[in-house]
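Working through the structure, step by step
If you want the building blocks of each chain, they are given just below.
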Amino acid sequence: MRYAAIDIGSNAVRLLIADIIEKDSEVTFKKNTLIRVPLRLGDDAFLEKEISVRKADDLVKTMTAFKQLIDVYKVEDYMACATSAMREAQNGKQLVERIKKEAEIDLEIVEGQKEANIIYSNHIEESLDKQKNYLYIDVGGGSTELSVFAEGQAQASRSFPLGTVRILDNADKEETWDEMKEWIKVNTKSYKNLIGIGTGGNINKLFRLCEEKEGTALSISKLKSMYDYLNSFSLKERINVLNLNQDRADVIIPACEIYLTVMKYAGVKQIHVPRVGMVDGIINQLIEKNLVKKTS
(Lines give C-alpha, C1' and ligand atoms only; values in the text may rest on other atoms or scores of the structure.)
Protein backbone atom coordinates (compact mmCIF):
# COMPACT_ATOMS: atom_id res chain seq x y z
CA MET A 1 0.00 0.00 0.00
CA ARG A 2 1.25 3.47 -0.83
CA TYR A 3 0.33 7.00 0.26
CA ALA A 4 1.53 10.30 -1.18
CA ALA A 5 2.09 13.72 0.38
CA ILE A 6 2.35 17.02 -1.50
CA ASP A 7 3.69 20.09 0.28
CA ILE A 8 3.50 23.40 -1.59
CA GLY A 9 5.87 25.59 0.40
CA SER A 10 7.13 29.12 -0.09
CA ASN A 11 10.55 27.95 -1.26
CA ALA A 12 9.99 24.50 -2.74
CA VAL A 13 7.24 22.08 -3.71
CA ARG A 14 7.65 18.45 -2.58
CA LEU A 15 6.11 15.10 -3.37
CA LEU A 16 6.76 12.14 -1.06
CA ILE A 17 5.54 8.69 -2.06
CA ALA A 18 5.70 6.32 0.91
CA ASP A 19 5.28 2.56 1.28
CA ILE A 20 2.97 1.75 4.20
CA ILE A 21 4.16 -1.06 6.47
CA GLU A 22 1.75 -2.90 8.76
CA LYS A 23 3.43 -5.09 11.38
CA ASP A 24 1.92 -6.43 14.61
CA SER A 25 -0.92 -3.89 14.53
CA GLU A 26 1.63 -1.07 14.17
CA VAL A 27 1.54 1.02 10.99
CA THR A 28 4.69 2.82 9.84
CA PHE A 29 6.05 3.99 6.49
CA LYS A 30 9.20 3.87 4.43
CA LYS A 31 10.07 6.66 2.02
CA ASN A 32 9.94 5.39 -1.54
CA THR A 33 10.38 8.51 -3.70
CA LEU A 34 10.93 12.15 -2.79
CA ILE A 35 10.86 14.89 -5.42
CA ARG A 36 11.60 18.54 -4.68
CA VAL A 37 11.00 21.37 -7.15
CA PRO A 38 12.35 24.82 -6.13
CA LEU A 39 9.53 27.06 -7.43
CA ARG A 40 9.95 29.75 -4.73
CA LEU A 41 6.35 30.97 -4.77
CA GLY A 42 7.10 33.15 -1.75
CA ASP A 43 8.91 35.77 -3.84
CA ASP A 44 5.63 36.53 -5.61
CA ALA A 45 3.32 36.10 -2.63
CA PHE A 46 5.27 38.19 -0.09
CA LEU A 47 6.24 41.01 -2.45
CA GLU A 48 3.42 41.20 -5.01
CA LYS A 49 0.68 39.56 -2.89
CA GLU A 50 -0.16 37.23 -5.77
CA ILE A 51 1.41 34.35 -7.68
CA SER A 52 2.58 35.51 -11.13
CA VAL A 53 1.27 33.91 -14.33
CA ARG A 54 4.67 32.27 -14.97
CA LYS A 55 4.91 30.71 -11.53
CA ALA A 56 1.24 29.70 -11.55
CA ASP A 57 1.86 27.88 -14.86
CA ASP A 58 4.96 26.19 -13.40
CA LEU A 59 2.98 25.10 -10.32
CA VAL A 60 0.20 23.61 -12.48
CA LYS A 61 2.79 21.74 -14.59
CA THR A 62 4.44 20.42 -11.41
CA MET A 63 1.10 19.29 -9.98
CA THR A 64 0.23 17.57 -13.28
CA ALA A 65 3.55 15.69 -13.17
CA PHE A 66 2.96 14.77 -9.49
CA LYS A 67 -0.52 13.45 -10.34
CA GLN A 68 0.92 11.24 -13.07
CA LEU A 69 3.52 9.86 -10.67
CA ILE A 70 0.82 9.23 -8.05
CA ASP A 71 -1.12 7.23 -10.67
CA VAL A 72 1.93 5.29 -11.92
CA TYR A 73 2.97 4.40 -8.34
CA LYS A 74 -0.62 3.21 -7.70
CA VAL A 75 -1.01 5.40 -4.64
CA GLU A 76 -4.12 4.58 -2.61
CA ASP A 77 -4.51 7.88 -0.79
CA TYR A 78 -2.87 11.29 -0.93
CA MET A 79 -3.09 14.70 0.69
CA ALA A 80 -1.89 17.98 -0.82
CA CYS A 81 -1.30 21.04 1.36
CA ALA A 82 -0.18 24.57 0.57
CA THR A 83 1.23 26.88 3.25
CA SER A 84 2.38 30.51 3.68
CA ALA A 85 2.82 31.66 0.08
CA MET A 86 -0.57 30.36 -1.06
CA ARG A 87 -2.19 31.61 2.16
CA GLU A 88 -1.09 35.14 1.39
CA ALA A 89 -1.50 35.19 -2.39
CA GLN A 90 -4.73 36.93 -3.37
CA ASN A 91 -5.13 34.48 -6.24
CA GLY A 92 -4.45 31.42 -4.05
CA LYS A 93 -8.04 30.17 -4.18
CA GLN A 94 -8.24 30.53 -7.99
CA LEU A 95 -5.02 28.55 -8.27
CA VAL A 96 -6.49 25.78 -6.11
CA GLU A 97 -9.46 25.59 -8.52
CA ARG A 98 -7.17 25.60 -11.56
CA ILE A 99 -5.04 22.78 -10.09
CA LYS A 100 -8.21 20.76 -9.41
CA LYS A 101 -9.38 21.26 -13.00
CA GLU A 102 -6.10 20.88 -14.90
CA ALA A 103 -4.02 18.57 -12.70
CA GLU A 104 -6.89 16.74 -10.97
CA ILE A 105 -5.28 17.32 -7.57
CA ASP A 106 -7.38 18.31 -4.56
CA LEU A 107 -5.32 20.93 -2.79
CA GLU A 108 -5.98 22.52 0.59
CA ILE A 109 -4.50 25.82 1.73
CA VAL A 110 -3.82 25.14 5.41
CA GLU A 111 -3.80 27.71 8.19
CA GLY A 112 -0.71 28.15 10.36
CA GLN A 113 -2.12 26.13 13.27
CA LYS A 114 -2.98 23.17 11.04
CA GLU A 115 0.51 23.37 9.54
CA ALA A 116 1.98 23.10 13.05
CA ASN A 117 -0.33 20.13 13.81
CA ILE A 118 0.77 18.33 10.64
CA ILE A 119 4.44 18.84 11.48
CA TYR A 120 4.09 17.38 14.95
CA SER A 121 2.04 14.45 13.63
CA ASN A 122 5.55 13.02 13.25
CA HIS A 123 5.41 12.30 17.02
CA ILE A 124 9.15 12.74 17.42
CA GLU A 125 8.68 13.45 21.12
CA GLU A 126 7.50 9.84 21.60
CA SER A 127 10.96 8.51 20.87
CA LEU A 128 12.53 11.00 23.27
CA ASP A 129 12.60 11.17 27.05
CA LYS A 130 9.07 11.70 28.44
CA GLN A 131 10.56 13.34 31.55
CA LYS A 132 12.02 16.16 29.45
CA ASN A 133 10.40 19.19 27.84
CA TYR A 134 10.77 20.07 24.17
CA LEU A 135 10.32 22.99 21.82
CA TYR A 136 9.51 22.05 18.22
CA ILE A 137 10.96 24.59 15.78
CA ASP A 138 9.95 24.24 12.14
CA VAL A 139 11.34 26.92 9.82
CA GLY A 140 9.91 27.24 6.33
CA GLY A 141 10.14 29.76 3.53
CA GLY A 142 7.21 31.82 4.76
CA SER A 143 6.54 30.86 8.35
CA THR A 144 7.98 29.39 11.54
CA GLU A 145 5.91 26.97 13.60
CA LEU A 146 6.66 26.61 17.30
CA SER A 147 5.17 23.99 19.66
CA VAL A 148 5.98 23.41 23.34
CA PHE A 149 5.81 19.77 24.51
CA ALA A 150 5.83 18.78 28.18
CA GLU A 151 4.93 15.43 29.75
CA GLY A 152 4.51 14.05 26.22
CA GLN A 153 1.72 16.52 25.43
CA ALA A 154 1.56 19.65 23.28
CA GLN A 155 1.11 22.56 25.71
CA ALA A 156 1.14 25.50 23.29
CA SER A 157 1.54 26.01 19.57
CA ARG A 158 1.78 29.00 17.27
CA SER A 159 2.67 29.89 13.69
CA PHE A 160 4.55 33.13 12.94
CA PRO A 161 4.86 34.79 9.50
CA LEU A 162 8.66 34.64 9.66
CA GLY A 163 10.48 32.52 7.11
CA THR A 164 13.62 32.33 5.04
CA VAL A 165 12.22 33.61 1.72
CA ARG A 166 10.27 36.31 3.56
CA ILE A 167 13.49 37.54 5.24
CA LEU A 168 15.46 37.45 1.96
CA ASP A 169 12.71 39.55 0.38
CA ASN A 170 12.82 42.00 3.33
CA ALA A 171 9.15 41.23 3.92
CA ASP A 172 9.56 40.30 7.60
CA LYS A 173 8.31 42.77 10.19
CA GLU A 174 10.04 43.91 13.38
CA GLU A 175 6.80 43.48 15.36
CA THR A 176 6.57 39.80 14.29
CA TRP A 177 10.00 39.15 15.80
CA ASP A 178 8.89 40.94 18.99
CA GLU A 179 5.65 38.96 19.07
CA MET A 180 7.55 35.70 18.71
CA LYS A 181 9.96 36.67 21.48
CA GLU A 182 7.04 37.48 23.79
CA TRP A 183 5.20 34.22 22.93
CA ILE A 184 8.34 32.16 23.62
CA LYS A 185 8.92 33.98 26.94
CA VAL A 186 5.32 33.42 28.12
CA ASN A 187 5.02 29.80 26.95
CA THR A 188 8.43 28.47 27.98
CA LYS A 189 8.99 30.25 31.31
CA SER A 190 7.62 27.38 33.43
CA TYR A 191 9.84 24.76 31.73
CA LYS A 192 13.47 24.39 32.70
CA ASN A 193 16.10 22.90 30.37
CA LEU A 194 13.99 22.90 27.21
CA ILE A 195 15.45 20.79 24.40
CA GLY A 196 14.92 21.81 20.77
CA ILE A 197 13.53 19.62 17.98
CA GLY A 198 14.32 21.18 14.62
CA THR A 199 12.52 20.30 11.41
CA GLY A 200 12.74 21.66 7.87
CA GLY A 201 15.14 21.31 4.95
CA ASN A 202 17.59 23.91 6.24
CA ILE A 203 18.20 22.43 9.70
CA ASN A 204 18.64 19.01 8.05
CA LYS A 205 21.33 20.51 5.82
CA LEU A 206 22.95 22.38 8.74
CA PHE A 207 23.08 19.16 10.74
CA ARG A 208 24.84 17.38 7.86
CA LEU A 209 27.28 20.27 7.41
CA CYS A 210 28.13 20.12 11.14
CA GLU A 211 29.01 16.43 10.64
CA GLU A 212 27.33 15.38 13.85
CA LYS A 213 26.67 11.69 14.45
CA GLU A 214 23.12 10.57 13.57
CA GLY A 215 20.92 10.62 16.67
CA THR A 216 23.01 13.14 18.60
CA ALA A 217 21.82 16.65 19.41
CA LEU A 218 23.38 19.75 17.87
CA SER A 219 24.57 22.34 20.40
CA ILE A 220 23.72 26.03 20.01
CA SER A 221 27.46 26.86 19.99
CA LYS A 222 28.10 24.41 17.12
CA LEU A 223 25.16 25.89 15.19
CA LYS A 224 26.46 29.42 15.82
CA SER A 225 29.95 28.41 14.56
CA MET A 226 28.41 26.92 11.40
CA TYR A 227 26.39 30.13 10.89
CA ASP A 228 29.57 32.24 11.17
CA TYR A 229 31.39 29.85 8.82
CA LEU A 230 28.64 29.95 6.15
CA ASN A 231 28.33 33.72 6.52
CA SER A 232 32.05 34.14 5.77
CA PHE A 233 31.38 32.95 2.20
CA SER A 234 29.61 34.93 -0.50
CA LEU A 235 26.47 33.44 -2.05
CA LYS A 236 28.51 32.44 -5.11
CA GLU A 237 31.10 30.72 -2.92
CA ARG A 238 28.44 28.85 -0.95
CA ILE A 239 27.27 27.41 -4.29
CA ASN A 240 30.68 26.79 -5.91
CA VAL A 241 32.96 26.08 -2.92
CA LEU A 242 30.53 24.47 -0.45
CA ASN A 243 28.46 22.77 -3.18
CA LEU A 244 25.14 24.00 -1.85
CA ASN A 245 22.19 24.03 -4.25
CA GLN A 246 21.39 27.50 -5.51
CA ASP A 247 17.99 27.53 -3.80
CA ARG A 248 19.56 26.36 -0.50
CA ALA A 249 22.65 28.59 -0.51
CA ASP A 250 20.73 31.81 0.13
CA VAL A 251 17.95 30.62 2.48
CA ILE A 252 20.28 28.70 4.82
CA ILE A 253 21.56 31.97 6.37
CA PRO A 254 18.16 33.41 7.45
CA ALA A 255 17.10 29.89 8.51
CA CYS A 256 20.09 29.72 10.81
CA GLU A 257 19.22 33.17 12.19
CA ILE A 258 15.68 32.04 13.05
CA TYR A 259 16.81 28.81 14.77
CA LEU A 260 19.51 30.64 16.77
CA THR A 261 17.11 33.45 17.77
CA VAL A 262 14.37 31.04 18.92
CA MET A 263 16.88 28.90 20.83
CA LYS A 264 18.31 31.99 22.53
CA TYR A 265 14.86 33.33 23.54
CA ALA A 266 13.80 29.92 24.89
CA GLY A 267 17.09 29.14 26.60
CA VAL A 268 17.52 26.02 24.43
CA LYS A 269 21.12 24.77 24.53
CA GLN A 270 20.78 21.85 22.10
CA ILE A 271 18.55 20.75 19.25
CA HIS A 272 17.65 17.29 17.91
CA VAL A 273 17.33 17.08 14.13
CA PRO A 274 15.19 14.05 13.21
CA ARG A 275 15.19 14.90 9.47
CA VAL A 276 11.46 14.93 9.01
CA GLY A 277 9.17 17.65 7.77
CA MET A 278 5.76 18.56 6.46
CA VAL A 279 5.54 15.67 3.96
CA ASP A 280 6.32 13.10 6.66
CA GLY A 281 3.64 14.65 8.86
CA ILE A 282 1.11 14.43 6.01
CA ILE A 283 1.84 10.70 5.56
CA ASN A 284 1.34 10.18 9.32
CA GLN A 285 -1.98 12.03 9.13
CA LEU A 286 -3.08 9.79 6.23
CA ILE A 287 -2.13 6.70 8.27
CA GLU A 288 -4.17 7.96 11.26
CA LYS A 289 -7.13 8.91 9.05
CA ASN A 290 -7.24 5.49 7.39
CA LEU A 291 -6.84 3.65 10.70
CA VAL A 292 -9.87 5.53 12.06
CA LYS A 293 -11.83 4.58 8.91
CA LYS A 294 -10.91 0.91 9.41
CA THR A 295 -11.97 0.80 13.05
CA SER A 296 -15.22 2.78 12.64
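Refer to the preceding data block for the structure.
Attention in this report is confined to the structure presented alongside it. The structure presented is a predicted model; accordingly, all values stated were derived computationally and were not measured. (Residues numbered from 1 in each chain as written. Predicted model: local features only at pLDDT ≥ 70, side-chain atom pairs only at ≥ 80, totals over all residues. Heavy atoms only, no water.)

This next bit is on the environment of Y3. Within the fold, Y3 resides in strand β1 (residues 2–8). C-alpha separation for the pair Y3 and R36, spaced 33 residues apart in sequence, amounts to 17 Å. In this structure, Y3 is in contact with L16, I17, A18, I20, V75, E76, D77, I283, L286, I287 and N290, ignoring residues within four places of it in sequence. In this structure the side chain of Y3 is engaged in a polar contact, spanning 3.2 Å, whose partner is the side chain of N290. (Helix = DSSP H or I, 4+ residues; strand = E, 2+ residues; numbered from the N terminus. Contact = heavy atoms within 4.5 Å. Polar contact = N/O pair within 3.5 Å; in protein donor to acceptor, adjacent residues only side chain to side chain.)

Strand order in this open sheet of six strands is β8-β7-β6-β9-β11-β10, and the pairing throughout is mixed. The strands lining the two open edges of the sheet, one partner per strand, are β8 (153–160) and β10 (218–219). As defined by bridge partners, β10 adjoins strand β11 (residues 270–272) across two bridges and the pair is classed as antiparallel. Within the sheet, the bridge partner assigned to S219 lies in β11 and is Q270. (Pairing = 2+ DSSP bridges.)

This brings us to the layout of surface pockets. Put simply, the largest pocket is a space of about 730 Å³. If you go around the largest pocket, you meet 37 residues; those closest to its centre are R14, R36, G200, G201 and R248. Those elements that provide at least two residues to the lining of the largest pocket are β2 (13–23), β3 (26–37), α5 (112–119), β6 (134–139), α8 (201–209) and α13 (278–295). The element best represented in the lining of the largest pocket is α8, accounting for five residues. The class makeup of the residues in the lining of the largest pocket is nine nonpolar, 17 polar and 11 charged. Of the voids in this model, the second largest pocket is the one considered here, and its volume is about 340 Å³. Considering the residues around the second largest pocket, the lining is formed by 15 residues, among which V27, T28, F29, N122 and N284 are closest to the centre. Considering every element that reaches the lining of the second largest pocket, the biggest residue donor is β3, with six residues. By residue class, the composition of the lining of the second largest pocket is five nonpolar, five polar and five charged. (1 Å grid on protein atoms, 1.4 Å probe; cavity = no way out; pocket = protein on both sides within 12 Å on 5 of 7 lines; lining within 4 Å. Points joined across faces, edges and corners; volume = space filled by probe spheres on them. Nonpolar A, V, L, I, M, F, W, Y, C, P; charged D, E, K, R; others polar.)

Any functional reading would require information that these geometric values do not contain.
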